Amino acid sequence: MTAHPFRTGLCALALLAGTTTLASAQVTLVRGNDTDPATLDHHLTSSVAESRILHDLYEGLVIQNAKGEVEPGDAESWEISEDGLTYTFKLRQDAKWSNGDPVTAGDYLFAFRRIMTPATAAGYASILFPVLNAEAITAGQKQPDELGVEAVDDHTLKITLNAPTPYFLELLTHQTALPLHQTTVEAEGSNFTRAGVMVTNGAYMLESFTPNDRIVMVKNPNFRDADTVQIDRIEWTPFEDRATCLRRFEAGEVHICSDVPAEQMSYMRENLPTNLRIAPYLGTYYLPVKTTNEGPLSDPRVRQAISMVIDRDFIAEEVWQETMLPAYSLVPPGIANYVAEPPMLDYAETDLLDREDQAKALLEEAGVAEGSLTLDLRYNTSENNKNTMTAVADMLKNIGINATLNEMEGAGYFNYLREDGPFDMVRAGWIGDYSDPQNFLYLNQSGVSFNYSKWTNEEYDRLMQEASTTLDLAARAEILADAERIFLAEVPSIPILTYSSRALVSDRVQGWEDNLPDVHYTRWLSLSE
Amino acid sequence: MLRYTLRRLASAVPTVFIIVTLTFFMIRLAPGGPFDLERPLDPLIMANLNRAYNLDGSLWSQYLTYLGNLLQGDLGPSFTRRDFSVNDLFATGLPVSILLGSLALLLATVIGVILGAIAALRQNSSLDYAIVGLATFGITTPNFVVAPLLSLFFGVLLGWLPAGGWSQTDPIYWVLPVLTLALPQVAVIARLVRGATVEALRSNHVRTARAYGLPARTVVIKHALRAAMLPAVSYLGPTAAGLLTGSVVVETIFGLPGIGRYFVQGALGRDYTLVMGTVVVIALFVIVFNLIVDLLYTFLDPRVRYD
């Protein structure tokens, strides 16, 4: 971006106009977000866009640093019992809420009990089901005070789990595990998220929330690490239209875009090379195949043939303009708690023509004659999904498989997949909640509602079960890798792309580091002149 | 006149009632619900949510509850923006949409009428052709093309105006959205006024006025243009309702917090109450503006009388 004195002047004016009540010496960061949060009550949230906002407002027991790694947050240290079932957190003495109250173990206890209470109707409570009795409380079978969380004293919090959960600390970075200011929530009820009422313990506090416009946050003077926080004020701005964010970024009105318009990738590569950030992300785009359908799709050889012939490089480069990366495994590369050499489909490096020959041979072995198989391919409405599936249909033609394309609107689509709709192959995507292979591999366990392919494999289920009780992380990683090998041999779902995070970051923003979970708390950032 | 107005307003009640009823049941026919996400919720949690939002009762009881609340002016809680009620959302969004819409309407009417009148008075001149050409361009160029172009040109390239964003107090943010909204309307109004003026200039009452020896200015402004306003006014009624209730395209492209986006966001997110609320608001605007148009007729055309 070239500096243009006249424009810069006007932009400064424009920025000031929005902040007339504030002194101009304050540093304001304008951050684009994918969309508005559905709510600031973190117990009712689930999305990544919400997580960005909430992690600026709240501090959890653990936090993620600029690299996305888990670090102590409100808890300065913790002990894990030998059986892996009990976590004892020591809270910092100097942790404070924005109104000056100390952050206590009781605030955490209150929050954990509240999210499990049926009346809260927390959509994402299930992420904390590893906590003892959590599931039964949500089901109304047990009382909230039976939850495996205990405030030993004001600064000691003990959490007991149902079973060893090696990724439990990763789980605690999720926004559902953030604390709540008990007295405010109890006094204000559902109004506690309103500006002027909301009390938070993070680096920032809420100044205003105007839907479809912006969420304004200001630095929390009571935050224990307030001295290190360099941005005084944040304007979180929702951009459903990514191209709007790009224009405002180029005009100097926005410092960070959380996403970019995929159709303008080549333009941004050329004109904003230092600002465009593309990094592998914790997500996989895959094609579940209905394995319970009568006929050839129940045969792993047929599914492998389909997988072989899909040219992932073409789809990543041409359809997604490299906003997606080719994938040959379900678990995204670079994930935490996994083996050094994760399993991959063994034809990743094979030439496509050779793969076609191998695929044809597999089909012949399976007794599928050329032109005899017609697949029903489904996807939820989106230009890129459509183009991806069209490309897949074309590729299948090369090995004599016909395909019909069916588009479905988003709202009903995933219900259709879960409710065992009569599809052959569909498009699905999964973004990990935490950096651990289990979060991807459990999608294929028998009886899991996300198991769209309805695949069942006893050995796979057994390995997943074994992994869930194995405390040694290295041994557990090996077991999970074995499970993924079984999955890749049978490909009930065909991984084709790894998601990438893409952002535009102004040259003025310091401290931004690309990382796999794509988390960038504003407190790690600063804005240069 | 007053009786007529009251009668029209009274007849609006059943209209709104029918619209509300149809919309209520139609949106429920759409597959999916407000809490269906890509990640399905645990059935337990879904049951808790449905209970919290009164979605677990029968459709009829939900409908009656909705009607009851509506009569008290309560549009209900939003399902997708859970920190706000639908009333809250309109309280912040409607002023934005009304501000932009009325400015656009004013601009479009003033410029459209002037251009249309000039074109009519200089019929078949190059000026006339230029105006008609411009109007055709304005009608045929969709706002999703105009908006990004204006934003790119004035916001990014020249840097004269903000490329997007909103401020209720700073008019610099209003310029591009108002222009985008007004442009197609200028074109339509100019064409309507031109056609009607051309016709009015040939009409009997204008010929009579000329025969009386009235000054040309009086003939044109008081007699020809006044009659020529009728088609434009008829057009402006529903158009005003549309403009004042926001434009999803313009709001999305410039990032404005109006209510136009709620209709689409609500429909896609199956936010039943938000969709219903938007429908009610739009219906009221259409009814009121159609009434205003009908009342304006009596001022513009002496032949129209309601009493």
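Residues numbered from 1 in each chain as written. Chains lettered and ligands numbered in written order. Predicted model: local features only at pLDDT ≥ 70, side-chain atom pairs only at ≥ 80, totals over all residues. Heavy atoms only, no water.

S.K.: If you had to explain the overall build of chain B to someone new, which residues and values would you point to?
M.R.: Summing up its helical and strand segments, chain B has 12 helices and zero strands in all. The order of α-helices and β-strands along chain B, N terminus first, is α-α-α-α-α-α-α-α-α-α-α-α. Seen through its principal axes, chain B has C-alpha atoms that stretch 85 × 55 × 35 Å. Residues classed as buried in chain B amount to 51% of the 307 residues present. Of the contacts made within chain B by residues no fewer than 6 positions apart, 72% connect residues no fewer than 24 positions apart. Per element, the accessible surface of chain B, about 14,500 Å² overall, is 71% carbon and sulfur. (Helix = DSSP H or I, 4+ residues; strand = E, 2+ residues; numbered from the N terminus. Buried < 20%, exposed > 50% of the residue type's maximum accessible area, 1.4 Å probe, protein only. Contact = heavy atoms within 4.5 Å. Areas by Shrake-Rupley, 256 points an atom, 1.4 Å probe, with all protein chains shown as cover.)

S.K.: A description of the interface of chain B and chain A should follow, citing residues and the corresponding values.
M.R.: Each side of the interface is counted separately: chain B has 52 residues, and chain A has 54 residues. In total, chain B and chain A occlude about 4,200 Å² of area from one another, counting both sides; carbon and sulfur atoms represent 51% of this. The interface formed by chain B and chain A includes three salt bridges. Taken together, the links from chain B to chain A amount to 19 residue pairs in polar contact (both at pLDDT 80 or more). Counting residues per element, the ones that place at least two in the side of chain B that touches chain A are helix 2 (43–52), helix 4 (86–121), helix 6 (143–157), helix 10 (248–254) and helix 11 (260–268) of chain B. It is helix 6 of chain B that contributes the most residues to the side of chain B that touches chain A, six residues altogether. (Buried area = accessible area lost by both parts, 1.4 Å probe. Salt bridge = Lys/Arg side-chain N within 4 Å of Asp/Glu carboxyl O. Polar contact = N/O pair within 3.5 Å; in protein donor to acceptor, adjacent residues only side chain to side chain.)

S.K.: Explain a nonpolar patch on the surface to me, and be specific about the residues and the numbers.
M.R.: Taken together, the side chains of Leu 106, Val 110, Ile 111, Ile 114, Ile 118 and Leu 127 of chain B present a nonpolar region at the surface, about 490 Å² in accessible area. In this fold, Leu 106 of chain B is placed in helix 4. (Patch = residues over 30% accessible without salt bridge, like charges linked within 9 Å, V, L, I, M, F, W, Y side chains within 5 Å.)

S.K.: Which residues make up unusual backbone geometry, and what are the values?
M.R.: Even without being glycine, Asn 133 of chain A reaches a positive phi, approximately 70°. With respect to the helices, strands and loops of the structure, Asn 133 of chain A is situated in the loop between helix 3 (105–116) and helix 4 (134–138). Backbone geometry at Asn 124 of chain B places phi at a positive 65°, although glycine is not the residue there. By the secondary structure assignment, Asn 124 of chain B is in the loop between helix 4 and helix 5 (126–140). The class of Asn 124 of chain B is partly exposed, set by a relative accessible area of 47%.

S.K.: Let's hear about the sheet that holds strand 4 (residues 75–80) of chain A: which residues, and what values?
M.R.: Residues and elements named next belong to chain A. What the four strands build is an open sheet, ordered 4-5-7-6; its pairing is antiparallel. The sheet terminates laterally at strand 4 and strand 6 (149–153), the two strands that pair on one side only. For this sheet the average axis-to-axis angle between neighbouring strands, irrespective of direction, equals 20°. One ladder, built from five bridges, connects strand 5 (residues 86–91) with strand 7 (residues 156–160); its direction is antiparallel. Residue pairing for strand 7: Thr 86 is matched across the bridge by Thr 160. Running over the sheet, helix 3 touches strand 5, strand 6 and strand 7 and is turned about 170° from strand 6. (Pairing = 2+ DSSP bridges. Axes fitted to C-alpha atoms, helices over the stretch in contact; angles between N-to-C directions.)

S.K.: Could you give an account of the domain arrangement of chain A, with specific residues and numbers?
M.R.: Interface size is often expressed as the accessible area that is lost when the parts come together. All names here are of chain A. Taken domain by domain, chain A comprises domain 1 (9–253 + 506–527) and domain 2 (280–501). Of note, the centres of domain 1 and domain 2, computed from C-alpha atoms alone, are 33 Å apart. Summed over both sides, the interface between domain 1 and domain 2 buries roughly 1,400 Å², with carbon and sulfur atoms accounting for 63% of that surface. Summed over the three residues of domain 1 that lose the most area to domain 2, namely Pro 166, Tyr 167 and Leu 516, the buried surface amounts to 46% of that side. Inspection of the region where domain 1 meets domain 2 yields zero salt bridges. Linking domain 1 with domain 2 are three residue pairs in polar contact (both at pLDDT 80 or more), by the criterion used here. A breakdown of the residues in the side of domain 1 that touches domain 2 according to their chemical character gives nine nonpolar, three polar and four charged. (Domains from an automatic or database assignment. Nonpolar A, V, L, I, M, F, W, Y, C, P; charged D, E, K, R; others polar.)

S.K.: An account of helix 16 (residues 473–490) of chain A is requested, with residue identities and associated values reported.
M.R.: All names here are of chain A. Look at helix 16: 26 Å from first C-alpha to last across 18 residues, which is about the 26 Å you get at 1.5 Å a residue. Restricting attention to buried positions, one finds in helix 16 the residues Arg 476, Ala 477, Ile 479, Leu 480, Ala 481, Ala 483, Glu 484, Ile 486, Phe 487 and Leu 488. Looking one or two places after helix 16, you find Val 491, whose phi comes out positive at around 30°. (Expected span 1.5 Å × (residues − 1).)

S.K.: Account for the packing of helix 6 of chain B against helix 7 (residues 175–201) of chain B, naming residues and giving values.
M.R.: All names here are of chain B. In the contact formed by helix 6 and helix 7, the axes pass within 10 Å of each other and the chain directions differ by 150°. Comparing the axis directions of helix 6 and helix 7 gives the class roughly antiparallel. Along this stretch, helix 6 crosses helix 7, giving a crossing that reads as right-handed. Here Asn 143, Val 146, Ala 147, Leu 150, Ser 151 and Phe 154 of helix 6 come into contact with helix 7, specifically with Leu 176, Leu 179, Thr 180 and Leu 183. Tallied by class, the residues present in the contact of helix 6 with helix 7 amount to seven nonpolar, three polar and no charged. (Parallel < 35°, antiparallel > 145°, perpendicular 65-115°, else oblique. Left-handed = near helix turned anticlockwise from the far one by under 90°.)

S.K.: Hey, could you go over the pairing of strand 10 (residues 233–238) of chain A for me, with residue numbers and the actual values?
M.R.: All names here are of chain A. Of all six residues in strand 10, six are buried, a share of seventy percent or more. Judged by which residues are buried, strand 10 turns out to be covered on both faces: Arg 233, Glu 235 and Thr 237 on one side and Ile 234, Trp 236 and Pro 238 on the other are all buried. Where strand 9 (residues 214–219) meets strand 10, four bridges bridge the pair, whose relative direction is antiparallel. By the bridge assignment, Val 216 is partnered in strand 10 with Glu 235.

S.K.: Please set out the sheet that holds strand 15 (residues 401–408) of chain A residue by residue, giving values where relevant.
M.R.: Residues and elements named next belong to chain A. Taken in spatial order, the three strands make up an open sheet running 15-14-16, and their pairing is parallel. At either margin of the open sheet sits one strand with a lone partner, and together these are strand 15 and strand 16 (425–426). Summarising the sheet, strand 14 (residues 373–380) and strand 15 pair through eight bridges and their orientation is parallel. Paired with Leu 373 across the two strands is Ile 401, which belongs to strand 15.

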